[in-house]
Amino acid sequence: MEFVDEKRYRKIKNGVGRAIADFKLIEEGDRVAVAVSGGKDSYTLLHVLEALRRRAPVKYELVALTIDSGYPGFRSDVIAAHLQEHGFTHHVEVTTHYDIIKEKRRPGSSYCSICARLKRGVLYTLAQQHGCNKLALGHHLDDFVETLLLNQFFVGTLKAMAPRMLADNGETTVIRPLVYVEEREIIPFARENSFPVVCCCCPVCGRADIQRKRMKELLTELERENPAVKRSLLRALANVQPRHLLDRELQRVCAVP
C-alpha cells in the first residue's frame, strides 16, 4: 500500500521500528496475530507492521484477527473486505459477547472493561489456533500515559502497560508496537489513507470512559505549559527509582546488599 503523506508515515514507522528494537517485540520466525477492531489504531498498526515486514532483516508473518462481539450494526464485513483487498491473512470470529454483557454487566458499570476482557480471552485462543506466538495490540503512547494516571488517581497503583508481556495463558506474548506513537499522528494518518473505520456499535460507542476523558483533558491542559508532558511521563515509566518509592517489598529488595 502506498501511503499518503510520506513524512507522517515515516514518523510512525520509525516509532514502531524503535519500539520493536528497544523491547524485542518481533523476532526471527514470529507469527504475529494483529487484533484489528476496525478502529484507526489497529488499522495503522497492521499496515505499518506489514510495511516493515517487507524490508525487515528478520522474517515474520502477520495474521489479522477481528472479534465480532454481536453488537447490532457492527460491520465486520467492511473490515474483512479491506483486509482481503490488501492481501492480509485474516479471520473474523463471531461471538455472543453482547448477550453475555447484557446479562452480566452491573448497572452503571463500564461496557468497555467487560467487553475488553471477553475479547482478550478469545484473541488468546485464536492466536494459538492460528499458530501465532505473539498478539499485537494497537495501544499507543496516549493509552500508556492515560493508564498510568488512571491507576495512580483512581486505583492507587503505580502501573501502566507493558510493551511486551507474557499473557495469562502462559503461551502468547502480547506486544504493543505503537508505544512511541502519539494519537495525534494516528488520527490524520488513518483519515488520509482512507482506512474504513467502523464503530463497534456498543451502546456507548464514541463516548470515552468518564475517568479516561478526565485524564485526556488534564493532559491537554498540561501540554499548554509543557508540550512534551506525555513523552516525559512515558520516559518516567522507563526510569523507575525503587529506592524512592513506598512499596515495602521493593524497599526490602533494594536493602539487600
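The notes below deal with the structure included here.

Here is what the cut-offs are and how they apply
- Residues numbered from 1 in each chain as written.
- Predicted model: local features only at pLDDT ≥ 70, side-chain atom pairs only at ≥ 80, totals over all residues.
- Heavy atoms only, no water.
- Helix = DSSP H or I, 4+ residues; strand = E, 2+ residues; numbered from the N terminus.
- Buried < 20%, exposed > 50% of the residue type's maximum accessible area, 1.4 Å probe, protein only.
- Contact = heavy atoms within 4.5 Å.
- Areas by Shrake-Rupley, 256 points an atom, 1.4 Å probe, with all protein chains shown as cover.
- Lys, Arg positive; Asp, Glu negative; His and termini not counted.
- Charge placed at Lys NZ, Arg CZ, Asp CG, Glu CD.
- Salt bridge = Lys/Arg side-chain N within 4 Å of Asp/Glu carboxyl O.
- Core = buried A, V, L, I, M, F, W, Y, C linked by side-chain atoms within 4.5 Å.

1. Regarding the overall build of the chain
When helices and strands are tallied, the chain shows 10 helices and six strands. Across its three principal directions, the C-alpha atoms of the chain cover 55 × 50 × 40 Å. Of all 257 residues assigned to the chain, the portion counted as buried reaches 42%. Restricting the contact set of the chain to residue pairs at least 6 apart, pairs at least 24 apart contribute 76%. As displayed, the chain has an accessible area near 14400 Å², and 51% of this comes from carbon and sulfur atoms. If the 39 positive side-chain charges of the chain are averaged to one point and the 32 negative ones to another, these points end up 3 Å apart.

2. Overview of the pattern of salt bridges
This model, assessed by the stated rule, comprises 22 salt bridges. Here glutamate 185 makes a salt bridge to arginine 8, at a shortest N to O gap of 3.3 Å. Of this pair, glutamate 185 sits in helix α7 (residues 183–192) while arginine 8 is found in helix α1 (residues 6–23), placing the two residues 177 residues apart along the sequence. On the accessibility criterion, glutamate 185 (14% relative accessible area) is buried. One salt bridge connects glutamate 249 with arginine 252, and the closest N-O pair in it is separated by 2.7 Å. Linking glutamate 249 with arginine 252, this pair stays in helix α10 (residues 248–255), spanning three residues, or about one helical turn. Residue classification places glutamate 249 among the partly exposed residues on the basis of a relative accessible area of 44%. Overlapping salt bridges, with partners in common, bring together Lys40, Asp41, Glu146, Glu183, Arg212 and Lys216 in one network.

3. Quick notes on the nonpolar core
If you look at the biggest cluster of nonpolar residues, it comprises 48 residues, and the most contacted ones within it are Val16, Ile26, Val34, Leu46 and Leu49. Ranked by residues supplied to this core, first place goes to helix α2 (residues 40–55) with seven residues. Residues in contact with valine 34, not counting those within four places in the same chain, are Leu45, Leu46, Leu49, Leu62, Val63, Ala64, Leu65 and Ala136.

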